Amino acid sequence: MITNKKPRSSDTDSIYMRDDRTEMSEDDDRSPSPNSITDDSSQTRTYTTGSGPGPGPGSSSVLEYLPPCPDQVLENVLENVLWFLTSRKDRNAASLVCRSWYRVEALTRSDLFIGNCYAVSPKRATSRFTRIRSVTLKGRPRFADFNLMPPNWGAHLAPWVSAMALTYPWLEKVHLKRMSVTDDDLALLAESFSGFKELVLVCCDGFGTSGLAIVASRCRQLKVLDLIESEVSDDDVDWISYFPDTGTCLESLIFDCVECPIDFDALERLVANSPSLKKLRLNRHVSMGQLHRLMVQAPRLTHLGTGSFSPSEDVAQGEQGPDYVSAFAACKSIVCLSGFREIIPDYLPAINPVCANLTSLNFSYANVSAEHLKPIISNCHKLQIFWVLDSICDEGLQAVAATCKELRELRVFPFEAREDIEGPVSEVGLQAVSEGCRKLQSILYFCQRMTNAAVVAMSKNCPDLVVFRLCIMGRHRPDHVTGEPMDEGFGAIVMNCKKLTRLAVSGLLTDRAFAYIGKYGKIVRTLSVAFAGDSDMGLKYVLEGCPRLQKLEIRDSPFGDAALLSGLHHYYNMRFLWMSACNLSNQGCQQIAQALPRLVVEVIKHEDNLDMDENVDTLYMYRSLEGPRDDVPRFVSIL
């Protein structure tokens, strides 16, 4: 978030010194590198002696040393210090100290992070920060991933890339998340930044293979092209073939989310011509036989996404296929494995040679059983990150707990996200993980059954938890053993896990659970709530008790206008609030808009209910320096 703090004017600065600083600043801005700041602290003044008014016969010029102004010396020192300040939080704090710090912090910032593309305008951002090399920009809120936001809501990249093209000719990196990106945006990006090196698109949409082809052909210094969970349209363009044939700088190429086929021959040439390639994640159209050929070309890979993990169709029946075990054995540097789409579990033993060195393993697309998992996981003693489907059952999680003592992050996704089934994982698997993986810091766990006892045990066994997201599928499900609400389990998490910053709650919860969160969740920054709570008091406890809360996501809960109004004191400090299918009225939302004019209050209607009635389908509120946006679709009303 960019702080809109006006620098204080300094009446004590002489005109001479103001002119000198301005001149220095302009010189610096013309410099091609933000790391080379002109330091002209020693100055001279020229005066003449003799009868004439200027140089000539009978006159002489004398140079007198003029000591630098203390303010300028301090700014030069501050510039050199701030180059080493990388934390966004620390930099934001530094910019608030005084006028000089405000100016110097902006001049020395090379990485720009904007958590909400509507919180500040491109013009304001590019005017203040003039020497940016890396931009991270986020658009739609996270609940958009669950089809809770109508399509075409906004978050367009176009105004941002246009502004950056004019201001940041040396831009090297762009990271986008949940943004709407067009092929024209990608073309402008590729044309405007001659030294562009890194493009990461996470959960983005609106572009296709034509735009990727432009990036591949024009960004000759490209090192990273990562397409993660994005929607890429098929324009019948073999975008892989547009990379240079003579050699590339590629270090990372991720396209496992691209659903259209690729030209494998072009991909094989690209891998062969990319000696620095370390990360490669393939889509499901790349078979195991083709994977084998790529691994032979690139034994130096550290991160590999396998694509389809099933045998090649071009291998005749009875004919011996490629030696996959030897191929993996040759890739001694692999520490991260993912992919395994359309998997045939009998081929899993091929990865055994690399298991001992793995720190990250992603089976979130692999429908494997505990029987298939156990021989693999028993070799993964260094594993720190593990994503998996619940098809491994509690038995598979027990095997993980027995081996993976260094595990830091676990995500268990549902193979079938249904409420009417018992589900293959439960409190048994959760408790086993908590007892065996004591260094766990982050967990996402989908299940249909849970108990307070298992959650309490996790809070005690894993006190270093920073992220705890328990998603009990099925509405208002209690402790399936005692029939009690899940209040005590979540209460134990916020009480015992002192480092917790992100929490997602579900199951049968009363206002007591939210009282625990308000009382003990003092550093919680992100809270997600689904199908929970008794009354407005639940939300009041949170809004009045969690001073560091930045992001609050609520769906299908009984909170109404009174609960919403209880947070008036805190909304300016939050990045956003999302409430859908709650008990909000248009009048209550209007009160918020009137009380907090710098807060943008969007009321979102479903396409089949565009008439403005008293009930609010979805409320999305966020702070902004610019006021209401100018690209509002017809199903959004800004109050």
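What you see is a predicted model; the values in this text were computed from it and never measured.

## Re the environment of Ser127
- Within the secondary structure, Ser127 sits in helix α5 (residues 122-128).
- For the pair Ser127 and Ala163, spaced 36 residues apart in the sequence, the C-alpha separation amounts to 9.6 Å.
- A distance of 2.7 Å separates a polar side-chain atom of Ser127 from the backbone oxygen of Lys123.

## A look at the packing of aromatic side chains
- Overall, the coordinates contain 18 aromatic pairs when judged by the stated rule.
- Considering the side-chain rings of Phe143 and Phe146, the 6.1 Å spacing of their centres and the 90 degrees angle between planes classify their relative orientation as edge-to-face.
- With relative accessibility at 5%, the residue Phe143 sits in the buried group.
- Note on Trp578 and Tyr620: the rings are 6.0 Å apart at their centroids and 55 degrees apart in plane angle, and the pair reads as tilted. In this pair, Trp578 sits in strand β22 (residues 576-580) while Tyr620 sits in strand β24 (residues 618-623), placing the two residues 42 residues apart along the sequence.
- You can call Tyr620 buried: its relative accessible area is 2%.
- Each residue in the set Tyr118, Phe143, Phe146, Trp153, Phe576, Trp578, Tyr620 and Tyr622 is aromatic and connected to the rest through ring pairs, giving one cluster.
- The ring of Tyr365 carries the charged tip of Arg341 above its face, separated from the ring centre by 3.8 Å.

## Points about the packing of helix α14 (residues 393-403) against helix α15 (residues 427-436)
- Packing of α14 against α15 leaves a shortest axis separation of 8 Å and a crossing angle of 0 degrees. Our classification of the angle between α14 and α15 gives roughly parallel. On α15, the residues that touch Asp394, Leu397, Gln398 and Ala401 of α14 are Val428, Gly429, Ala432, Val433 and Gly436.
- In terms of residue class, the contact of α14 with α15 is made up of 5 nonpolar, 3 polar and 1 charged.

## Some remarks on the pattern of salt bridges
- By the definition in use, this model includes 25 salt bridges.
- The shortest N-O distance in the salt bridge between Glu259 and Arg284 comes to 2.8 Å. One end of the pair, Glu259, is in the loop between β10 (252-254) and α9 (264-272); the other, Arg284, is in the loop between β11 (279-282) and α10 (288-297), and 25 residues separate them in sequence.
- A relative accessible area of 43% means that Glu259 is categorised as partly exposed.
- Here the residues in one salt-bridge network are Arg91, Glu105, Arg109 and Arg128, joined through shared partners.

## Details of the packing of helix α18 (residues 511-520) against helix α19 (residues 536-545)
- The geometry of α18 relative to α19 is characterised by a closest axis approach of 8 Å and an angle of 5 degrees between their N-to-C directions. As far as their axial angle goes, α19 and α18 are roughly parallel. Counted together, Asp511, Phe514, Ala515, Ile517 and Gly518 of α18 and Met537, Gly538, Tyr541, Val542 and Gly545 of α19 form the full contact between these two elements.
- Looking at the contact of α18 with α19 residue by residue, the class counts come to 6 nonpolar, 3 polar and 1 charged.

## What about the state of the cysteines?
- Evaluation of the coordinates by the stated rule reveals 0 disulfides.
- Left without a disulfide partner, Cys380 is nearest to the cysteine sulfur of Cys355, which lies 4.1 Å away.

## Some points on the pairing of strand β4 (residues 134-138)
- Inspection of the sheet shows strand β3 (residues 111-114) paired to β4 by 4 bridges, in the parallel sense. The residue of β4 that forms the bridge with Asp111 is Ser134.
- Read from β3 through α5 to β4, the crossover connection turns out right-handed.
- Taken together, the 5 bridges between β4 and strand β5 (residues 173-177) define a ladder with parallel strand orientation. Bridged to Ser134 within β5 is Lys173.
- With helix α6 (residues 158-167) bridging β4 and its parallel neighbour β5, the resulting β-α-β unit is right-handed.

## Here's the deal with the confidence of the model for the protein chain
- Per-residue pLDDT for the protein chain has a mean of 86; in total, 85% of the residues score no lower than 70.
- Across residues 1-63, confidence stays below pLDDT 50; counting only partners more than four residues off in sequence or on other chains, it has 107 contacts.

## Re unusual backbone geometry
- Unlike most non-glycine residues, Asn152 shows phi in positive territory, near 65 degrees.
- Positionally, Asn152 belongs in the loop between β4 and α6.
- The backbone of Ala581 shows a phi angle near 55 degrees, a positive value even though the residue is not glycine.
- In this structure, Ala581 sits in the loop between β22 and α21 (586-595).
- Residue Ala581 is classed as partly exposed on the basis of its relative accessible area of 41%.

## Structural notes on a positive patch on the surface
- A cluster of like positive charges, contributed by Arg88, Lys89, Arg525 and Arg548, occupies part of the molecular surface.
- Relative to the helices and strands, Arg548 is located in the loop between α19 and β21 (551-555).

## Side note on the side chain of Ser308
- Residue placement: Ser308 occurs in the loop between β12 (303-306) and α11 (324-330).
- A distance of 2.9 Å separates the side chain of Ser308 from the side chain of Ser310, its partner in a polar contact.

The rules behind these values
- Every chain is numbered independently, its residues counted from 1 as its sequence is written.
- Local features in a predicted model are, by the rule used here, given only for residues with pLDDT of at least 70; side-chain atom pairs are given and counted only at 80 or more, and totals for whole chains, interfaces and linings are based on all residues.
- Only hydrogens and water are removed before side-chain values are computed, so all heavy atoms of the structure are retained for them.
- In DSSP terms, a helix is any run of H or I states spanning at least four residues, a strand is any run of E spanning at least two, and both are numbered starting from the N terminus.
- Each polar contact in these results corresponds to two N or O atoms within 3.5 Å; when the atoms are within protein, one needs to be able to donate a hydrogen and the other to accept it, and residues that are neighboring in sequence are counted only if both atoms are side-chain atoms.
- In this analysis, rings of Phe, Tyr and Trp, with Trp reduced to its six-membered ring, are considered paired at centre separations within 6.5 Å, and the interplanar angle assigns stacked below 30 degrees, edge-to-face beyond 60, and tilted for intermediate values.
- For each residue, the accessible area found with a 1.4 Å probe, counting protein chains only, is set against the maximum for its type, and the residue is called buried under 20%, exposed over 50%, and partly exposed in between.
- A ring has a charge above it when a Lys NZ or an Arg CZ is no more than 6 Å from the ring centre and no more than 35 degrees off the ring normal.
- Interaxial angle, 0 to 180 degrees, is taken between N-to-C directions of lines fitted to C-alpha atoms, where a helix line uses only the stretch in contact.
- Our angle categories are set so that under 35 degrees counts as roughly parallel, over 145 as roughly antiparallel, 65 to 115 as roughly perpendicular, and the remainder as oblique.
- We call two residues in contact whenever any of their non-hydrogen atoms come within 4.5 Å of each other.
- When residue character is reported, Ala, Val, Leu, Ile, Met, Phe, Trp, Tyr, Cys and Pro are called nonpolar, Asp, Glu, Lys and Arg charged, and the others, Gly included, polar.
- Any carboxyl oxygen of Asp or Glu that lies within 4 Å of a side-chain nitrogen of Lys or Arg is treated as forming a salt bridge with it.
- Two cysteine sulfurs form a disulfide in these notes if their separation is within 2.5 Å.
- Think of it this way: DSSP has to see at least two bridges between two strands before they count as a pair.
- The handedness of a crossover follows from its direction of travel: if, with the strands pointing away from the viewer, the path from the first strand over the helix to the second runs clockwise, the crossover is right-handed.
- Confidence scores labelled pLDDT are given residue by residue by the predictor and lie between 0 and 100.
- Each patch is built from salt-bridge-free residues with over 30% relative accessible area, joining like charges within 9 Å and nonpolar side chains (Val, Leu, Ile, Met, Phe, Trp, Tyr) within 5 Å.
- Using a 1.4 Å probe, the Shrake-Rupley method yields the accessible areas, and only the shown protein chains count as cover for residues.
- Two residue types count as positive, namely Lys and Arg, and two as negative, namely Asp and Glu; His and chain ends fall outside the count.
- Charged groups are reduced to one reference atom each: NZ for lysine, CZ for arginine, CG for aspartic acid, CD for glutamic acid.

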